[in-house]
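Listed below are the residues making up each chain.
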Amino acid sequence: GGGGGAEAGSLLELLEKAVVLQEATQIKDGYPLIAEQLTAFAELLAAQGCLHEAMGYLVQLPPAETVDDPAALLMHRIHGANPNLLMAPPPVPYDVVHVPESSAAQAGYQPQAGYTQGYEQTQGYEQTQGYEQT
């Protein structure tokens, strides 16, 4: 509804003031005090397809201090959608767990019984639905 537009407007106003304050004080350490708001605004931009602009805000933030940092997760998602926005991939914002290939078989994983059968039935149906020209 209309609440999203008001939120975006408020975030934009806050960020404009922060940028002006940063320029006036010559602080070059990014936006550590408004990181949460800046991340929310970048997420709104990304949701609207403005990936370049969203990434521009995210790179101004200090490096992530935690594994599940929302800004780091968003940066990773945006980079996945458009790798050309950064010179190198951002750090992976989550713990990587290597799973051996055989673990699925050891856990008793079996494909769903009807999956391949349903596919074969669909193929047969499509093949029998030819049109005859008269």
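See above for the structure.
Reading the values: rules and limits
- Residues numbered from 1 in each chain as written.
- Predicted model: local features only at pLDDT ≥ 70, side-chain atom pairs only at ≥ 80, totals over all residues.
- Heavy atoms only, no water.
- Helix = DSSP H or I, 4+ residues; strand = E, 2+ residues; numbered from the N terminus.
- Contact = heavy atoms within 4.5 Å.
- Areas by Shrake-Rupley, 256 points an atom, 1.4 Å probe, with all protein chains shown as cover.
- Axes fitted to C-alpha atoms, helices over the stretch in contact; angles between N-to-C directions.
- Parallel < 35°, antiparallel > 145°, perpendicular 65-115°, else oblique.
- Left-handed = near helix turned anticlockwise from the far one by under 90°.
- Expected span 1.5 Å × (residues − 1).

Moving on: the overall build of the protein chain. Looking only at helices and strands, one finds six helices and zero strands in the protein chain. Listing every helix and strand of the protein chain by position from the N terminus yields α-α-α-α-α-α. For the protein chain, the share of sequence-separated contacts (at least 6 apart) that also reach a separation of at least 24 residues comes to 44%. For the protein chain, the computed accessible surface area is about 10,400 Å², with 56% contributed by carbon and sulfur atoms.

We now examine the packing of helix α2 (residues 35-47) against helix α4 (residues 70-81). The contact between α2 and α4 brings their axes to 10 Å, and the two run at 20 degrees. Classified by the angle between their axes, α2 and α4 sit roughly parallel to one another. When you trace α2 past α4, the crossing you get is left-handed. Listed contacts from α4 to Thr-39, Ala-42, Glu-43 and Ala-46 of α2 are Pro-70, Ala-71, Leu-74, Arg-77 and Ile-78.

This part is about the packing of α2 against helix α3 (residues 51-58). Remark: α2 packs on α3, axes separated minimally by 8 Å, with the N-to-C direction vectors making an angle of 165 degrees. As far as their axial angle goes, α3 and α2 are roughly antiparallel. When you trace α2 past α3, the crossing you get is left-handed. The residues of α3 that touch α2, namely those facing Leu-38, Thr-39, Phe-41, Ala-42, Leu-45 and Ala-46, are Leu-51, Glu-53, Ala-54, Tyr-57 and Leu-58.

Turning to its location among the elements, His-79 is positioned in helix α4. When sequence neighbours within four positions are dropped, the list of residues in contact with His-79 reads Met-55, Leu-86, Ala-88, Pro-89 and Pro-90.

This paragraph deals with α2. The terminal C-alpha atoms of α2 lie 18 Å apart, and with 13 residues this matches the ideal 18 Å at 1.5 Å per residue to within 8%. Backbone geometry just after α2 places Gly-49 at a positive phi near 90 degrees.

None of the figures reported here should be taken as evidence of function without further support.
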